[in-house]
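Examination of the molecular architecture
These are the residues of each chain, in order.
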2 protein chains.
Amino acid sequence: MAFTEFRPLNEKSLIEYIKATPSLSSTIGDKYEDLVIKEVGDGNLNFVFIVVGTSGSVVVKQALPYIRCIGESWPMTKERAYFEATALRVHGKLCPDHVPEVYHFDRTMALIGMRYLAHPHIILRKGLIAGVEYPLLSEHMSDYMSRTLFFTSLLYNNTTEHKRAVTEFCGNVELCRLTEQVVFSDPYRISQYNRWTSPYLDDDAKAVREDSALKLEVADLKSMFCERAQALIHGDLHTGSIMVTQDSTQVIDPEFAFYGPMGFDIGAFLGNLILAFFAQDGHAEQKNDRKAYKEWILRTIEQIWNLFNKKFIALWNQHKDGPGEAYLRDIYNNAEVLQIVQENYMRNLLHDSLGFGAAKMIRRIVGVAHVEDFESIKDVETRANCERRALDFGKMLLKERRKFKSIGEVVSAIQQVGS
Amino acid sequence: MAFTEFRPLNEKSLIEYIKATPSLSSTIGDKYEDLVIKEVGDGNLNFVFIVVGTSGSVVVKQALPYIRCIGESWPMTKERAYFEATALRVHGKLCPDHVPEVYHFDRTMALIGMRYLAHPHIILRKGLIAGVEYPLLSEHMSDYMSRTLFFTSLLYNNTTEHKRAVTEFCGNVELCRLTEQVVFSDPYRISQYNRWTSPYLDDDAKAVREDSALKLEVADLKSMFCERAQALIHGDLHTGSIMVTQDSTQVIDPEFAFYGPMGFDIGAFLGNLILAFFAQDGHAEQKNDRKAYKEWILRTIEQIWNLFNKKFIALWNQHKDGPGEAYLRDIYNNAEVLQIVQENYMRNLLHDSLGFGAAKMIRRIVGVAHVEDFESIKDVETRANCERRALDFGKMLLKERRKFKSIGEVVSAIQQVGS
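1. Topic: the relation of the copies chain B and chain A
- Superposition of chain B onto chain A requires a rotation of 180 degrees combined with a translation of 0.0 Å along the rotation axis, giving an RMSD of 0.0 Å. Given the turn and translation reported, the copies of this chain are related as if by a two-fold rotation axis.
- Most of the interface of chain B is mirrored in chain A, where 100% of its interface residues are also at the interface.

Given below as structure tokens:
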């Protein structure tokens, strides 16, 4: 059986595929009768098979030509697998500790074979819902974000290399368009895909659709998302795209990758942590009121930005005589001017991140795709109350983001409304 | 004689080329012995031949693989002719009244055959030096800028079309790099190419190189230039890229075209008009003190922005239900919210334009390429005084641009220092 044109695999044809693919079969061994295959794609878009053989394991991810959770009515290019594999390789080279290795990529089949992140790895979002602390999360994620963003920006690359890479990822336009629709558009208009915890949030959803000041801010963010090729971003860096254990943090699923604003990645991560915070009251029980865990989330939010800031600036200083063309060394040639431009850069990046983070929060409450953090709260009224506080905070943050001078001020603002 | 690979033409081989090229020979007629050919390339980069035949005329422009004014020591891809021809065609379709028609393009020979803008067309810069008023200039240029910028932005195009076009023009990276160097970098550092009216401006040039606040602002503009694909801009829209008569305004030479920030075009034009203003005192004579002409320049600056603003918004309103994806009609669905976002858009665009305009002023005084407005002032001390006032105004404008709420305020500020 040849795989010369695209077809969706199932557990049976997957075995044939592995047999025909040395880079996969060499990993898992040749005892095909002992293979254990499990389809676990709980995401919205793809098939994901875990394949465990006698001498090793692999994850096989196949993109389908439509959005899986919605069905064939919402077509979506399977070429996204190419951009996912490319981003995994680029980011993996920059940050191998936190990006799973790609063993194999097949563009025709829209198929990636990659490292299986074995037990006890779980999706970070599930850990946050369960109230598990991850002491290394902020160190690891600040490593990942600082390295992937710095090294794919003009702070490190010359403009020739930058424009070449931008050109390549312009091809991932369909996935960008999906983000444009579900993050920046649908929540602010009537759309068949929107949903919210009804009837509790009916007025809240309506208020979002009628808030001119909010629409002004989201338009500016959308422009930045569509026009600004600042770095190769993951494009969907929420807590469902991160797998964790106590020791390990692995970023997966960069199929939305393209050259966009850095703040979109940082904001996605921070915004989803803030959502996790506001969901905690819905998970509180008599034996665990989640108060200490809420404090841990806030500390983590603060640490992530502050460590990111520190590491990003350290990379900048380390490579200030390097090939990057944004701040040439013979112009930004003394400590004073370098400090001024770095502070300016990081202040703008914080504000971008808060804006994108807020937009990501809002869309998870009144848009098409919700988060398990809230969905798993069984009492609907409790859920709605948690969601409303998160939504209100997101709206404030989107409008007022430029007033925050530090992440500490943001954390204080969360504490004020969410303690 | 075939032209199957690139070679620079001269007046003799050009005749052979025209003979072999129906789209050119059909324009100028077949009496080759009567052809009048004149090489007039007074720009920095290319050969430009005017060819006048018995039944018509044509301009033939050929790009050379280096920067002509500096010589073969500064190589520059001749592929720029492709981007120039493409931009002429795109902009020409959007604004045929103010863009010369392209008859012929040959990518191998890096050669464009286009409409000859006959006498009395002259380069606008020369008219400004001579003190000639052009009563239609602001109408025409506001037409050109509003149409070319609006229709190539996400206000009119969907993101698929936008990213496709962005991708194509990413290929013009070498010309972008030239701008990055001569506009945003060299003036702020020691460079072998920089020059200024020495010794008068020695301290002024040094002050530019040591001004941290200025370097901060120019870094932000450079980032925007390198990262933000807002519209298909001309890329070099100074007063030397515009040919005029009393009735006609024609924009030429878009070889620097790419998807960049709109403010770079608007600012180039406004900034060069401000330079023209500050040069007038150097052209004053007993019989013509140029005072009335300075007032005309200021009125023109004010009209250009205000007419541009009006026409751009009119296009926006006219096409608000069109294919553009930046501001969807079911989100920006009432007069109030539309007005808020439009005012925000135009305020930001004014500030971008002032910033880029200021950077263009500065670089023409302490960078590699100077303007004839000042160069033609014979008394060196007088020239230096004019240049210093322009430079000081440019520095102020670059740093303080966000404080200006209208172009009227900018004009008042020019009057204050330049009357």
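2. Observations regarding the confidence of the model for chain A
- Residues of chain A with pLDDT of at least 70 account for 98%, and the chain-wide mean is 95.
- Listed scores for the predicted complex are pTM 0.97 and ipTM 0.96.

3. Thoughts on helix α1 (residues 11-19) of chain A
All names here are of chain A.
- Within α1, the full set of buried residues consists of S13, L14, Y17 and I18. Axial view of α1: buried residues confined to an arc of 145 degrees, hence all on one face.
- Tucked into the core, α1 has its buried residues touching α2 (22-28), β1 (36-39), β2 (46-52), β3 (57-63), β6 (102-106) and β7 (111-114).

4. Topic: the pattern of salt bridges
Residues and elements named next belong to chain A.
- Applying the stated criterion across every chain, the model contains 48 salt bridges over all chains.
- Salt-bridge contacts for E161 lead to R164; the nearest nitrogen and oxygen are separated by 3.2 Å. One end of the pair, E161, and the other, R164, are both in helix α6 (residues 159-170), 3 residues apart, so they sit about a helical turn from each other.
- On the basis of relative accessible area, E161 is assigned to the partly exposed category, the value being 33%.

5. A few points about the sheet that holds β6(A)
All names here are of chain A.
- Sheet architecture is open: 5 strands sit in the order β1-β2-β3-β7-β6, paired in antiparallel fashion. Of all the strands in the sheet, just β1 and β6 have a single pairing partner and so form its edges. Averaged over all neighbouring strand pairs, the angle between strand axes comes to 15 degrees, with direction disregarded.
- Contacts from α1 reach β1, β2, β3, β6 and β7 within the one sheet, and its direction differs from that of β1 by about 125 degrees.
- The strands touched by helix α3 (residues 80-94) within the sheet are β2, β3, β6 and β7, with β6 carrying the most contacts at an inclination of about 155 degrees.

6. Digging into the packing of aromatic side chains
- If you walk through the whole model with that rule in mind, you get 52 aromatic pairs over all chains.
- Between F169(B) and Y259(B), the ring centres sit 6.0 Å apart and the planes meet at 55 degrees, which makes this aromatic pair tilted. Here Y259(B) lies in strand β12 (residues 258-260) and F169(B) lies in helix α6 (residues 159-170), a separation of 90 residues in the sequence.
- Classification of F169(B) as buried rests on a relative accessible area of 4%.
- Measuring from ring centre to ring centre gives 5.4 Å for F264(B) and F356(B), while their planes differ by 80 degrees; the resulting arrangement is edge-to-face. Here F264(B) is found in helix α10 (residues 262-283), whereas its partner F356(B) is found in helix α12 (residues 335-366), with 92 residues between them in sequence.
- We classify F356(B) as buried; its relative accessible area is 0%.
- Taken together, the aromatic side chains of F150(A), F151(A), Y156(A), W305(A), F308(A), F312(A), W316(A), Y327(A), Y332(A) and Y345(A) make up a single cluster linked through ring pairs.

7. Some thoughts on the packing of helix α7 (residues 173-185) of chain B against helix α9 (residues 212-227) of chain B
Residues and elements named next belong to chain B.
- Axis separation between α7 and α9 bottoms out at 11 Å; the angle between their running directions is 170 degrees. With respect to each other, α7 and α9 are oriented roughly antiparallel. Seen from α7, the contacting residues are C176, T179, E180, F184 and S185; seen from α9, they are V218, L221, K222, F225 and C226.
- Residue classes in the contact of α7 with α9 are distributed as 6 nonpolar, 2 polar and 2 charged.

8. Focus on the interface of chain B and chain A
- Across the contact, 44 residues belong to chain B and 44 residues belong to chain A.
- Here chain B meets chain A over a buried area of about 3900 Å², counting both sides, of which 52% is carbon and sulfur.
- Looking at the side of chain B facing chain A, the largest losses of area belong to K163(B), E227(B) and I331(B), adding up to 18% of the total buried there.
- Across the contact surface, chain B and chain A share 6 salt bridges.
- Between E325(A) and R177(B) there is a salt bridge whose closest N-O contact spans 3.0 Å.

9. What about the pairing of β7(A)?
All names here are of chain A.
- Along β7, one buried face is formed by L111 and G113 and the opposite face, lined by I112 and M114, is buried too.
- Where β3 and β7 come together, 4 bridges link them in antiparallel fashion. If you follow V59 over to β7, its bridge partner there is M114.
- Relative to β7, β6 runs antiparallel, the two sharing 4 bridges.

10. As for empty space enclosed by the protein
- Throughout the structure, instances matching the rule amount to 7 cavities of 30 Å³ or more.
- Around the largest cavity, the lining comprises 24 residues; the ones closest to its centre are V166(A), A229(A), V166(B), E227(B) and A229(B).
- Taken together, the elements giving at least two residues each to the lining of the largest cavity come down to α6, α9 (212-227) and β12 (258-260) of chain A together with α6, α9 and β12 of chain B.
- Tallied by class, the residues present in the lining of the largest cavity amount to 16 nonpolar, 2 polar and 6 charged.
- In this structure, the second largest cavity spans a volume of roughly 80 Å³.
- Taken together, S153(A), L154(A), L155(A), T159(A), E325(A), A326(A), Y327(A), Y345(A), K222(B), S223(B), C226(B) and E227(B) make up the lining of the second largest cavity.
- Sorting elements by how many residues they give to the lining of the second largest cavity places α9(B) first, with 4 residues.
- By residue class, the composition of the lining of the second largest cavity is 6 nonpolar, 3 polar and 3 charged.

Definitions and cut-offs
- Residues numbered from 1 in each chain as written.
- Chains lettered and ligands numbered in written order.
- Predicted model: local features only at pLDDT ≥ 70, side-chain atom pairs only at ≥ 80, totals over all residues.
- Heavy atoms only, no water.
- Least-squares fit on C-alpha atoms with pLDDT ≥ 70 in both.
- Contact = heavy atoms within 4.5 Å.
- pLDDT = per-residue confidence, 0-100.
- Buried < 20%, exposed > 50% of the residue type's maximum accessible area, 1.4 Å probe, protein only.
- Helix = DSSP H or I, 4+ residues; strand = E, 2+ residues; numbered from the N terminus.
- Arc of directions from axis to C-beta.
- Salt bridge = Lys/Arg side-chain N within 4 Å of Asp/Glu carboxyl O.
- Pairing = 2+ DSSP bridges.
- Axes fitted to C-alpha atoms, helices over the stretch in contact; angles between N-to-C directions.
- Phe/Tyr/Trp six-rings, centres within 6.5 Å; stacked < 30°, edge-to-face > 60°.
- Parallel < 35°, antiparallel > 145°, perpendicular 65-115°, else oblique.
- Nonpolar A, V, L, I, M, F, W, Y, C, P; charged D, E, K, R; others polar.
- Buried area = accessible area lost by both parts, 1.4 Å probe.
- 1 Å grid on protein atoms, 1.4 Å probe; cavity = no way out; pocket = protein on both sides within 12 Å on 5 of 7 lines; lining within 4 Å.
- Points joined across faces, edges and corners; volume = space filled by probe spheres on them.

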